[in-house]
Amino acid sequence: MSSSDIFIGETIGTAILILLGGGVVAAVVLKASKARNAGWLAITFGWGFAVLTAVYISGPLSGAHINPAVTLALAIKDGDWSNVPLYWGGQLLGAMIGATLVWVAYYGQFHAHLTDREIVEAADAQVKQAKAVEAREKGAGPVLGVFSTGPEIRNVAMNLATEIIGTFVLVLAVLTQGLNDNGNGLGTLGGLMVALVVVGIGLSLGGPTGYAINPARDLGPRIVHALLPLPNKGGSDWGYAWIPVAGPLIGAAAGAGLYNVAFA
């Protein structure tokens, strides 16, 4: 794979991932959406289908890592770090593009949601009570969940552990069952398997933090949320932002380390 193939493939693949993944969250939570209140099952399966679509589109170009944690795991597995910056750069750029496209697709719904007096006033009241209400995402605006993840109970150790464990499972699944014949990315059947694993992680481990399990998936859209001209959007919760970056990277390193010891 050439450098341009890697960067373009990861940019396109991650953009598709976030467009469809963030899109299903927007569909479920935003006012005036036909899918409003469809629930957690819709979100988890939507993210799984997003992974599947992104893998099949970008696989021929870049191997469809579409996740810095997967790139890190493969680098640890193979000992080849030369293309890591290309993968990570394409993934972050793609995540930002995908998040912007979600805003474009749901522009009317974002406006209706964020100008609704009941929603805005309720969000303001919850922020003011954040110290007393442990489940509230301190500093998070009313639509940040469309772009990024956040904890239901804010505890650094617990939140970090959840992201580490979820990504550990993902990476083990990728390394043992998901790789293509060259071992440098996801294959056709592997992509399907990994998509189902992502659904499983969401259903089983997604409750505490929203299961980022992908640093670019969280950081890129969070940057976009901070930059977009959304009325009454509130904060981007930067105090929490390091956890869905560090947790998946730690989990990926642990998963790749176990793979090298037990499977290689």
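Procedures and definitions
What you see as residue numbers is a count from 1 along each chain, following the sequence as written. In keeping with the model being predicted, local features are shown solely for residues with a pLDDT of at least 70 and side-chain atom pairs are shown and tallied solely at 80 or more, while totals for entire chains, interfaces and linings include all residues. Derived side-chain values reflect all non-hydrogen atoms in the structure, with water molecules and hydrogen atoms excluded from consideration. Strands are runs of DSSP state E lasting at least 2 residues, helices are runs of H or I lasting at least 4, and numbering of each runs from the N terminus. Only C-alpha atoms enter the radius of gyration; for comparison, a globular chain is expected to reach 2.2 Å times N to the power 0.38, where N is the number of residues. By the convention used here, residues are in contact when the closest approach between their heavy atoms is within 4.5 Å. Pairing of aromatic side chains here covers Phe, Tyr and the six-membered ring of Trp, requires ring centres within 6.5 Å, and sorts the geometry by plane angle: under 30 degrees stacked, over 60 edge-to-face, intermediate tilted. Each residue gets a pLDDT score, which is the predictor's confidence in that residue and runs from 0 to 100. To define a nonpolar core, start from buried Ala, Val, Leu, Ile, Met, Phe, Trp, Tyr and Cys residues and group those joined through side-chain atoms within 4.5 Å. Each residue is placed in one exposure class: buried if its accessible area under a 1.4 Å probe, protein chains only, is under 20% of its type's maximum, exposed if it is over 50%, and partly exposed if it falls in between.

Caption draft 1: Region of the structure containing the overall build of the chain. Assigned secondary structure in the chain consists of eleven helices and zero strands. For a compact globule of 264 residues, the expected C-alpha radius of gyration is about 18 Å, and the chain comes in at 18 Å, within 12% of that figure. Across its three principal axes, the chain shows a C-alpha extent of roughly 55 × 35 × 30 Å. Contacts in the chain between residues far apart in sequence, at least 24 positions, make up 76% of those at least 6 positions apart.

Caption draft 2: Region of the structure containing the packing of aromatic side chains. For the coordinates displayed, the defined rule picks out five aromatic pairs. When the ring of Tyr259 is compared with that of Phe263, the centres are 5.7 Å apart and the planes differ by 15 degrees; the resulting orientation is stacked.

Caption draft 3: Focus on the confidence of the model for the chain. Predicted confidence across the chain gives a mean pLDDT of 92, with 93% of residues reaching 70 or more. Low pLDDT (under 50) marks residues 130-137, which in the prediction has 17 contacts with non-local residues, meaning those over four places away or in another chain.

Caption draft 4: Inspection of the nonpolar core at higher detail. Judged by nonpolar contacts, the single largest core of 53 residues is most densely connected at Leu17, Trp47, Phe110, Val146, Phe147 and Leu230. Excluding anything up to four places from it in sequence, Leu17 contacts Gly22, Trp47, Ala50, Val51, Ala54, Ile66 and Asn214.

Caption draft 5: Molecular detail of unusual backbone geometry. Even without a glycine there, the phi angle at Ala32 is positive, about 70 degrees. The residue Ala32 is located in the loop between helix H1 (3-29) and helix H2 (40-62) in this model. With a relative accessible area of 55%, Ala32 lands in the exposed category. Located in the positive-phi region is Asn232, a residue other than glycine, with phi close to 55 degrees. Turning to its location among the elements, Asn232 is positioned in the loop between helix H10 (215-227) and helix H11 (243-262). The exposure class of Asn232 is partly exposed, given its relative accessible area of 46%.

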